[in-house]
Each structure stands twice: as C-alpha cells, then as structure tokens.
Amino acid sequence: MTLEELEKLDDEENEIALAIIALLISDSNKIKNSLKNEVGGWFRKYEVDGKYTFRQARMILTKRELREFNAKFGTKFKRLTRQSALRYTIQKSTAKLREKSHERLRSLADRLVEKEQTAFRVTLEDTDLTDNKWGEDNLSPAKRVDNKIDKFTVSLQTEVERVMYTSGNADTAEEEVDRLFLVLASAMGLLLTTERVAMSSFARANIYRMLGYNYYKFVALRDERMCKTCGALDGTVFPISAFMPGVTAPCLHPRCRCSTIGVR
Ligand SMILES: [Zn+2]
C-alpha cells in the first residue's frame, strides 16, 4: 500500500466515523426530546408554588401515582419517593442511550474491518475492535463508552435534582437536559473519532501480522496541523511486538490523524 492509498483509506474511514457520529447524535436527540417531555411533565405535575422542597421531593408517591408509574415503566415498585422516581426516569432514558451508543460503536468497528479487508485484500477473523484495551486508562472503546454514559447519567440526575431544589421550574429543568445532552454529543463525537483512529490502528497491526510483516512505520500527516508528539514519531520503525496505540501507534491524542504502514 502506498502512502497516498493509506491517506485515502484514513480519510474514508474518518468519513465513516463522522457519518456514524451524526447518526448517534440523531439517536441522542430523539432520546433527549422524550426525556425532556418526561422531566418537564414531571415538574409541571408536581411542582407546588413553582418550587420543590426537600420534604416534597422525598415525599413518597401516592398509591395512584405509584400505579401510574409502575404501569408506565412496567415496574413493581411498592414505595417510591418523587426524587427516586425522577432519578429512575432519567436512568431509563440513559439506558436507551447506552444501548444506541454501543450499537453505533459496533457498526463503526464492523465497517472499519470491512474497509481494511478490502484495502489490504485479506480476511480478518474474530476481530472485535471494540474490545481492544488501550490508552492511559487501558480500557476498551466499549468500556469508555459505558463510562461516559455513566458519568452523564449521574450529572443529569444531579443537575435535574438541583433544579428541583432550587428553582423547581419545569423550563429550567428542560434547559438543563438540553445543555447536558449538548455537552455529551460533543464528547461522544470526540470519543468516537479517537476510537476510530485506534481501531483502525489495531486492525492494521493484525493485518501486518497476517501478512508476515515484522515491523511497522509510524506515519504522521505532514502539514501545518501536525503536532510535536506525532512529528517526533513520524517515520519511526517499530517491531510489531512494540505496537501499542497511544504510545507507539495512533491514536496519540484526540484528533490525531496519524497512521501506520507495514514494513517487512
Ligand atoms: Zn497523530
């Protein structure tokens, strides 16, 4: 494979990642809108004098409210405070978001494998790119997605509860949902872009091993945007045994555009 072909392959794989990020953002917007309705509706239904107190928040649902809640979520709670019910509602939405995020990450990985196989004319067997651990935290892309959603769930619950105890206003609660989803969308975009580079890296290392290459060369995209870290590694040849994304292979940092090329 020539450098030009490699650059083209990276460009195409980046395009795939961007398309999948767009799909994930649209998934997340749907989930956000339905959650906004739930949370807004919740506040409108229960806010007393436009403001919740700790006592009101911790008040347990009446029998009728509990029946409605259980019917809606298919749950069998026997006792639930308003605060917990709101928390549960948020958790339900982020669980959906987690599922969607994993689905999109897997489809990104599948499409990368497809692309790499075609480009290198090889068949990669049993390759789950979402499972490769790498980076400072030594986690897999799938695990990093989980962590992101977990953190998001907690901040969403905390912020909505904070609104509950301060302004108690449905509009403010909805705005908070909007704001946090926007922050998440940008974080997920960056995450998938970064994981894409690392996943391509892993696929290529597997291919080089299959093709019997013992070495690979680190290739940075040489333009005005090339950073010092990547520039310093540009052209360095490593034995395949030293392959380690984040250290001796891309992705070295968010928005890294580097690549590797097999050497015999
Ligand atoms: Zn780089």
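Our subject is the structure listed above.
Along each chain, residues carry numbers from 1 onward, in the same order as the chain's sequence is written. The predicted origin of the model limits local features to residues at a pLDDT of at least 70 and limits the giving and counting of side-chain atom pairs to 80 or more, whereas totals for whole chains, interfaces and linings rest on all residues.

Section: the overall build of the chain
Runs of E in the DSSP output that reach at least two residues are strands. Runs of H or I that reach at least four are helices, and both are numbered from the N terminus. The helix and strand inventory of the chain stands at 7 helices and 3 strands. Walking the chain from its N terminus toward its C terminus, one meets helices and strands in the order α-α-α-α-α-α-β-α-β-β. Scaling as 2.2 N^0.38, a compact globule of 264 residues should have a C-alpha radius of gyration of about 18 Å, whereas the chain reaches 23 Å, well beyond that. Principal-axis analysis of the C-alpha atoms places the extent of the chain at approximately 75 × 35 × 25 Å. Exposure classes come from backbone-placed C-beta atoms, where a residue is buried if 20 or more other C-beta atoms lie within 10 Å of its own, exposed if 12 or fewer do, and partly exposed in between. In the chain, which comprises 264 residues, the proportion classed as buried is 31%. Within the chain, contacts between residues separated by at least 24 positions form 73% of all contacts whose residues are at least 6 apart in sequence. Radius of gyration: over C-alpha atoms. The globule rule applied is 2.2 Å multiplied by the number of residues raised to the 0.38 power. Our contact criterion uses C-beta atoms placed from the backbone: two residues qualify when those atoms are within 7 Å.

Structural notes on the sheet that holds strand β1 (residues 215–219)
The strands that make up a sheet are held in pairs by hydrogen bonds between backbone atoms, and each pair lies either parallel or antiparallel. In this analysis, strands are considered paired if DSSP registers two or more bridges between them. Read across the sheet, 3 strands follow the order β2-β1-β3 without closing on themselves; strand pairing throughout is antiparallel. Edge positions in the sheet fall to β2 (237–239) and β3 (259–263), since each has one partner strand and no second. Each neighbouring strand pair of the sheet contributes to a mean axis angle of 35°, computed without reference to strand direction. Alignment of β1 against β2, held across 3 bridges, turns out to be antiparallel. Along β2, the bridge assignment pairs Tyr 216 with Phe 238. Where helices are involved, their axes are fitted lines through C-alpha atoms of the stretch in contact, as for all axes, and angles between N-to-C directions lie from 0 to 180°.

Re the nonpolar core
What tends to happen in soluble globular proteins is that the nonpolar side chains get buried as a cluster. Joined through C-beta atoms within 7 Å, a set of buried Ala, Val, Leu, Ile, Met, Phe, Trp, Tyr and Cys residues constitutes a nonpolar core. Core analysis: the largest hydrophobic core is formed by 51 residues, its most contacted members being Val 160, Ala 173, Leu 192, Met 199 and Cys 258. Mapped by element, the contributors of at least two residues to this core are α1 (3–46), α4 (82–120), α5 (141–165), α6 (170–210) and β1. Examining the composition of this core, we find that 16 residues originate from one element, α6, more than from any other. Setting aside residues no more than four positions away along its own chain, Val 160 makes contact with Val 39, Leu 86, Ile 90, Ala 173 and Glu 176.

What to know about the packing of α4 against α6
Two packed helices can be described by the angle between their axes and the distance between those axes. Packing of α4 against α6 leaves a shortest axis separation of 10 Å and a crossing angle of 35°. Crossing angle aside, the handedness with which α4 passes α6 is right-handed. Side by side, α4 and α6 meet where Ser 101, Leu 105, Leu 108, Ala 109, Leu 112, Val 113, Glu 116 and Phe 120 of the first sit next to Met 188, Leu 192, Arg 196, Met 199, Ser 200, Ala 203, Arg 204 and Ile 207 of the second. Residues are grouped as follows: Ala, Val, Leu, Ile, Met, Phe, Trp, Tyr, Cys and Pro are nonpolar; Asp, Glu, Lys and Arg are charged; all remaining types, including Gly, are polar. Its residues assigned to classes, the contact of α4 with α6 comprises 11 nonpolar, 2 polar and 3 charged. Rotating anticlockwise by less than a right angle from the far helix to the near helix defines a left-handed crossing, while the corresponding clockwise rotation defines a right-handed one.

Here's the deal with the packing of α5 against α6
Contact geometry of α5 with α6 gives a least axis separation of 10 Å together with a crossing angle of 170°. When the axis of α5 is compared with that of α6, the two are roughly antiparallel. Seen from α5, the contacting residues are Pro 141, Arg 144, Val 145, Lys 148, Phe 152, Ser 155, Leu 156, Glu 159, Val 160 and Val 163; seen from α6, they are Thr 172, Ala 173, Glu 176, Leu 180, Leu 184, Ala 187, Met 188, Leu 191, Glu 195 and Met 199. In terms of residue class, the contact of α5 with α6 is made up of 13 nonpolar, 2 polar and 5 charged. Small angles under 35 degrees read as roughly parallel and large ones over 145 as roughly antiparallel, with 65 to 115 read as roughly perpendicular and the rest as oblique.

Some remarks on α6
Helix span, as expected, comes to 1.5 Å for every residue beyond the first. The end-to-end C-alpha distance of α6 is 58 Å, a good match for the 60 Å that 41 residues give at a rise of 1.5 Å each. One or two residues past the end of α6 sits Gly 212, with phi positive at roughly 80°.

Observations concerning helix α3 (residues 63–73)
Of all the 11 residues making up α3, 0 are buried; the element is thus mostly uncovered. Downstream of α3 by one or two residues, Gly 74 has phi in the positive range, about 65°.

Quick look at the pairing of β1
Strand direction decides the pairing type here: β1 and β3, joined by 5 bridges, are antiparallel. Within the sheet, the bridge partner assigned to Tyr 216 lies in β3 and is Gly 262.

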